[in-house]
Amino acid sequence: MKSSCAWLLAVMVLLPAAVTRADDAVPSVAAAGKVFISGVDESFTAVREAVERAKAKSGRDYRVVVVDTAGAAGDARGLLDRIVAEWRRDDESGFDPAADVTIVLAVGDRRMAMDMPWALEVGSGLDRETLERELIQKVFVPRAKDGLYDQGLADLVAATETWVATRADEQKARAEAARVFRTRTLPIGLASMAGAGLLGTLAVQWARHGRKLRQAREKLATFKSEVVALSDLLDAEQERHRMLPHTDPDFQTPMEGQTRAAYDNVQSAIRRYRERWLGLMDVWEKAQQTVDSERFLGTKASDEAIRLLDSAEARPPLDAVAGECRSPLDVLEQAHEKARELAASLDTESAAAQARLDGLAGRGRSSAVFQPALADIARVRAQCAAELERDPVAARGRLETATAALASTVAHVEQIEAADDRRTRALEQTAAVEGEVRRRRAEGWLLTEHGANPDDRITAARHAGGLAAQLLDAGETTAALVHLEQAERLNAEAAALVESIVAARTRAEELLPTCAARLEALATRRAGTARAIEHLAASYAESSWADVADNVGRADEGLARVEQLIQEARVALEPARQEYFRAVALLEEAVRQEDWIEGCHTAVTDRRAELDELRASVPARRDHTGDRVAALERRLHRQQTDRARANERCREASRLLDVAGTALAVARPDLRQASQLVEAADAAAARAEQFADDDERLARQAADEIEETDALLRRVAAWYAEGVQADVRGAVAGLETARSLLGRQRYEDAIKTAGEAAQAGRAAYAAATTEAERRRLRRQQEIRRRQLEESFTRMSRGAGPWVIQLPGGMFSGPDPWRSMQSGPRPSAPSSTAGGGWSRDIAQVGW
């Protein structure tokens with residue numbers, strides 16, 4: 001009772017000192033149990049019951065202080081700090097900072113602070129952020145917003161107890177799971193893994209042993225079969241070689257030359273490969289011994305046998321024996337038959353080639369160029385007939401060479417025949433074109449115009465055909481084909497020229513009457529064009545039609561040229577001359593001249609029509625543009641955002657209209673110039689309207705930018721945290737500059753300056769938040785340093801609180817010596833026990 005009274009006295013002394021900073025009145029404090037109230041008309045029964053339940057369930061004390069206000073600044077955290085400091089200095093308060101939870105509620109300030117013991121903070125993870133986020137914000141603040149402070153505090157106490165109990169149960173479950181894992185799961189798992197690993201290793205080694213041994217035996221079996229095949233092949237070829245002179249009836253005379261050399265080479269190859277076979281037998285025996293010596297689960301001997309069988313010396317040369325022994329023997333056995341067949345074939349082909357050469361002579365072509373080749377072939381044939389029985393291999397080679405030479409000769413003869421056929425067709429084409437020319441001349445066509453005489457091309461084609469014939473007789477087929485292509489091209493040109501002359505005559509006969517009729521029509525238009533010029537001179541300024549004033553004279557000159565061209569064309573078409581190509585050229589030039597003359601007349605009539613149309617339309621257009629300029633002037637007079645460029649364009653349009661009105665007022669106006677002035681005035685008015693719209697838009701944009709930047713800078717200037725405030729003086733100065741630029745109608749500069757001010761404000765806000773975050777981290781590090789320092793001081797002196805991790809879970813408590821003592825708690829705790837109070841106090845407002 002004495003302890004409770006002393007604690008109540010300390011609170012009553014401290015609370016008035018705290019609230020006096022807000023006003024001079026000292027609130028009344030009513031206390032009962034662990035809940036203390038001052039300046040609040042509420043009993044807080046639910047809080048008292050919750051504190052008692054927590055004490056009965058966990059033995060943990062909750063100290064709850066409820067006041068109307070925490071001071072001038074509304075700092076509930078500072079009030080809690082001062083109360084706890086006072087309690088720690090009072091030995092009779094009964095306050096244990098290592099175990100008691102302290103809560104301060106300032107109802108009038110809408111602030112609440114809560115401090116957890118260091119052991120509970122570490123053991124249950126209730127640091128300041130977690131306490132504010134998970135307990136106060138989620139449990140107490142919703143009740144406080146509804147004014148249910150009593151129920152909110154009771155729920156906060158219950159939620160805290162539930163959180164601590166849940167964390168304790170989780171720690172015990174983790175400890176039990178860790179114990180089961182260490183004592184049961186881990187040993188059994190390790191033993192199972194070791195056994196499985198051993199069995200797996202044995203199985204892998206057994207499989208590897210079987211695979212290697214099977215591979216070695218398969219390679220050895222394949223090697224044995226190849227060695228046996230090599231032996232059989234050598235024996236067979238040796239027997240063939242020995243019996244060849246005795247069993248082949250064609251070898252009646254001793255072998256000579258290439259035939260004898262081939263026979264002896266086969267004997268040498270058989271002897272060489274027999275020695276190789278003996279070496280392969282040694283490899284066979286060594287590999288068999290190595291495979292048989294393989295140990296249980298071993299692979300070394302199998303690997304060695306495989307390497308031996310894969311080596312180059314363990315490869316039977318079956319393909320080489322077939323190439324050096326079997327193939328030459330096959331050639332020797334068939335040498336006489338092949339040589340006789342080639343000789344008979346050469347005789348037949350030689351007779352056919354001679355027949356084709358005789359055919360060339362019948363065509364009128366000479367065959368002398370091929371006679372030396374045929375003579376060489378006949379000489380080779382006679383030589384082969386003499387040595388065929390003694391050396392059939394050499395005879396066969398010579399006969400094959402002669403057959404190839406004869407085939408080349410026959411191919412050359414075929415090329416000459418094809419070229420001669422082409423020459424014959426070219427001569428026929430030349431004769432046909434020449435016949436067509438004679439027929440046309442018989443009909444009265446001269447066909448002698450300069451550059452269009454077909455006789456020149458016909459003569460050149462005949463000459464090219466004669467050169468091609470001479471080259472064919474000399475055997476120069478390629479050069480002959482070049483001249484044949486030239487002859488064919490000349491024939492085609494001559495035929496096309498005859499057709500072109502006929503078409504030119506038809507074209508000239510069509511153009512001549514047309515040009516003459518058009519000439520007469522253009523001559524009749526001269527009077528109308530002259531009257532149009534007189535009308536223009538009487539009604540309009542000379543500057544508006546001066547470019548067409550000489551068109552009548554130009555048209556007269558053109559008419560004279562056309563008349564001369566038509567006369568020359570008539571002369572060229574006379575039967576005695578028949579210069580049809582020249583006549584067509586003259587008439588086409590006359591057509592072009594007539595087109596130009598017609599353009600001269602048309603330009604005059606079009607100009608008169610244009611000026612007459614402008615006389616009717618320009619005044620109306622001038623009036624319409626004048627109304628547009630007047631409306632624009634009234635708009636610019638009302639609009640406050642327009643700038644000089646819009647007004648300049650408007651004045652320019654007005655001046656242009658004045659000049660256009662002056663031009664229209666004269667007796668002979670220049671309507672084209674007046675029309676251009678009206679168009680320029682209309683364009684200037686449109687440009688002025690565009691400038692006015694742009695000015696209005698830019699002014700609104702600049703005003704919006706300045707307004708947004710001002711709101712941004714106000715928000716940044718109002719931000720404050722950790723004793724840091726953003727420095728926006730430079731941004732504010734830039735904003736004032738933007739306002740000044742807006743007043744001077746420098747809208748683009750105002751927009752740019754406002755953007756720069758906004759950017760500067762954001763940069764200042766970013767710098768301030770960075771500095772605040774740095775200070776917050778530094779403050780948290782300092783709090784953590786003090787906590788560790790106090791923990792070290794307590795533990796080095798044997799004081800609590802303590803937190804230890806055991807297999808059964810995490811345990812915490814106050815002074816370990818005090819926890820083992822019996823009897824009531826001493827009235828005054830030691831000075832070191834007070835170090836368990838945490839200064840990381842949570843505070844929340846709503």
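Residues numbered from 1 in each chain as written. Predicted model: local features only at pLDDT ≥ 70, side-chain atom pairs only at ≥ 80, totals over all residues. Heavy atoms only, no water.

Asker: Could you give an account of the overall build of the protein, with specific residues and numbers?
Answerer: Secondary structure assignment for the protein yields 21 helices and ten strands. Out of the 846 residues belonging to the protein, those deemed buried represent 39%. Sequence-distant contacts in the protein: of pairs separated by 6 or more residues, those separated by 24 or more amount to 76%. Carbon and sulfur atoms make up 54% of the accessible area of the protein, which amounts to about 44700 Å² in all. (Helix = DSSP H or I, 4+ residues; strand = E, 2+ residues; numbered from the N terminus. Buried < 20%, exposed > 50% of the residue type's maximum accessible area, 1.4 Å probe, protein only. Contact = heavy atoms within 4.5 Å. Areas by Shrake-Rupley, 256 points an atom, 1.4 Å probe, with all protein chains shown as cover.)

Asker: With reference to specific residues and values, describe the pattern of salt bridges.
Answerer: In total, this model carries 67 salt bridges according to the counting rule given. Its salt-bridge partner being Glu-417, residue Arg-356 comes within 2.6 Å of it at the nearest N-O pair. Placement of the pair is Arg-356 in helix 9 (residues 318–363) and Glu-417 in helix 11 (residues 392–442), with a sequence separation of 61 residues. Here Arg-356 falls in the partly exposed class, since its relative accessible area comes to 28%. Overall, Glu-417 belongs to the buried group, its relative accessible area being 15%. Among the ionic pairs, Arg-379 bridges to Asp-376, the shortest N-O distance being 2.6 Å. In this pair, Arg-379 and Asp-376 both sit in helix 10 (residues 371–387), three residues apart, roughly one turn of the helix. You can call Asp-376 partly exposed: its relative accessible area is 35%. (Salt bridge = Lys/Arg side-chain N within 4 Å of Asp/Glu carboxyl O.)

Asker: Could you give an account of the nonpolar core, naming the residues involved and the relevant values?
Answerer: Core analysis: the largest hydrophobic core is formed by 38 residues, its most contacted members being Phe-44, Val-66, Met-114, Ile-136, Phe-140 and Leu-153. Elements with a minimum of two residues in this core: strand 2 (35–38), helix 2 (45–58), strand 3 (62–67), strand 4 (101–106), strand 5 (111–115), helix 5 (128–145), helix 6 (149–247) and strand 10 (842–845). Tallying contributions element by element places helix 6 first for this core, with eight residues. When sequence neighbours within four positions are dropped, the list of residues in contact with Ile-136 reads Met-112, Met-114, Leu-131, Val-141, Leu-156, Ala-842 and Val-844. One finds Ile-458, Ala-494, Leu-512 and Tyr-580 within the second-largest nonpolar core, a separate group that totals 33 residues. (Core = buried A, V, L, I, M, F, W, Y, C linked by side-chain atoms within 4.5 Å.)

Asker: Break down the pairing of strand 5 for me, citing the residues and quoting the values.
Answerer: In summary, the side chains of a regular strand alternate between the two faces of the sheet. Extensive coverage of strand 5 is indicated by the burial of four of its five residues. Two elements, strand 4 and strand 5, share five bridges in a ladder whose sense is antiparallel. Pairing of Ile-103 across the sheet is with Met-114, part of strand 5. Two successive antiparallel strands, strand 4 and strand 5, enclose a turn made up of four residues, where Arg-110 displays a positive phi of approximately 55°. (Pairing = 2+ DSSP bridges.)

Asker: Summarise the packing of aromatic side chains; cite the residues concerned and give the values.
Answerer: As enumerated under the stated definition, the model contains three aromatic pairs in all. Where Trp-719 meets Tyr-765, the ring centres are 5.7 Å apart and the plane angle is 75°; that geometry is what we call edge-to-face. Residue Trp-719 is found in the loop between helix 18 (671–718) and strand 6 (720–721), and its partner Tyr-765 is found in helix 20 (residues 747–796); the two are separated by 46 residues along the sequence. Taking NZ or CZ as reference, Arg-505 lies 4.8 Å from the ring centre of Trp-445, over its face. (Phe/Tyr/Trp six-rings, centres within 6.5 Å; stacked < 30°, edge-to-face > 60°. Lys NZ or Arg CZ within 6 Å of the ring centre and 35° of its normal.)

Asker: Can you explain the pairing of strand 2? Please cite residues and give values.
Answerer: Of the two faces of strand 2, both are covered, the one formed by Val-35 and Ile-37 as well as the one formed by Phe-36 and Ser-38. Chirality of the crossover, the property in question, places the unit of strand 2, helix 2 and strand 3 among those that are left-handed. (Right-handed = clockwise from strand over helix to strand, strands pointing away.)

Asker: Please set out the side chain of Thr-130 residue by residue, giving values where relevant.
Answerer: The topology assignment puts Thr-130 in helix 5. A distance of 2.5 Å separates a polar atom in the side chain of Thr-130 from a polar atom in the side chain of Asp-127. With residues near it in sequence (within four places) discarded, Thr-130 still touches Gly-125, Leu-135 and Trp-163. (Polar contact = N/O pair within 3.5 Å; in protein donor to acceptor, adjacent residues only side chain to side chain.)

Asker: Any chance you could break down the packing of helix 12 (residues 454–473) against helix 13 (residues 477–524) for me, citing the residues and the numbers?
Answerer: Helix-helix packing: each pair is described by the crossing angle between the helix axes and the interaxial distance. One way to put it is that helix 12 packs onto helix 13 with a least axis distance of 8 Å and a crossing angle of 165°. As summarised for this structure, helix 12 and helix 13 are arranged roughly antiparallel, according to the angle between their axes. Seen along the crossing, helix 12 lies across helix 13 with a hand that is left-handed. Classifying every residue of the contact of helix 12 with helix 13 by side-chain character gives 17 nonpolar, five polar and two charged. (Axes fitted to C-alpha atoms, helices over the stretch in contact; angles between N-to-C directions. Parallel < 35°, antiparallel > 145°, perpendicular 65-115°, else oblique. Left-handed = near helix turned anticlockwise from the far one by under 90°. Nonpolar A, V, L, I, M, F, W, Y, C, P; charged D, E, K, R; others polar.)

Asker: Before we move on, could you go through the environment of Cys-515 and cite the residues and values that matter?
Answerer: Among the secondary structure elements, Cys-515 is positioned in helix 13. Sequence spacing of Cys-515 and Ile-566 is 51 residues, and the spatial spacing of their C-alpha atoms is 7.5 Å. When near neighbours in sequence (up to four residues on either side) are disregarded, Cys-515 contacts Ile-566, Leu-587, Ala-590, Val-591 and Glu-594.

Asker: Outline the environment of Val-393, supporting the account with residue identities and numerical values.
Answerer: Looking at where Val-393 falls in the secondary structure, it is placed in helix 11. Sequence separation between Val-393 and Leu-332 is 61 residues, and the spatial gap between their C-alpha atoms is 7.4 Å. Contact partners of Val-393, with chain neighbours within four places excluded, come to Gln-258, Thr-259, Leu-332 and Ala-335.

Asker: Which residues make up the environment of Asp-310, and what are the values?
Answerer: Note that Asp-310 resides in helix 8 (residues 300–310). Residue classification places Asp-310 among the partly exposed residues on the basis of a relative accessible area of 38%. In sequence terms Asp-310 and Lys-219 are 91 residues apart; their C-alpha atoms lie 8.5 Å from each other. Those residues in contact with Asp-310 that sit more than four places away from it in its chain are Lys-219 and Arg-315.

Asker: Now, about unusual backbone geometry: what can you tell me, with residues and values included?
Answerer: You will see that Arg-110, though not glycine, has its phi angle at about 55°, which is positive. Residue position: Arg-110 is located in the loop between strand 4 and strand 5. A positive phi angle, close to 55°, is found at Leu-447, a residue other than glycine.

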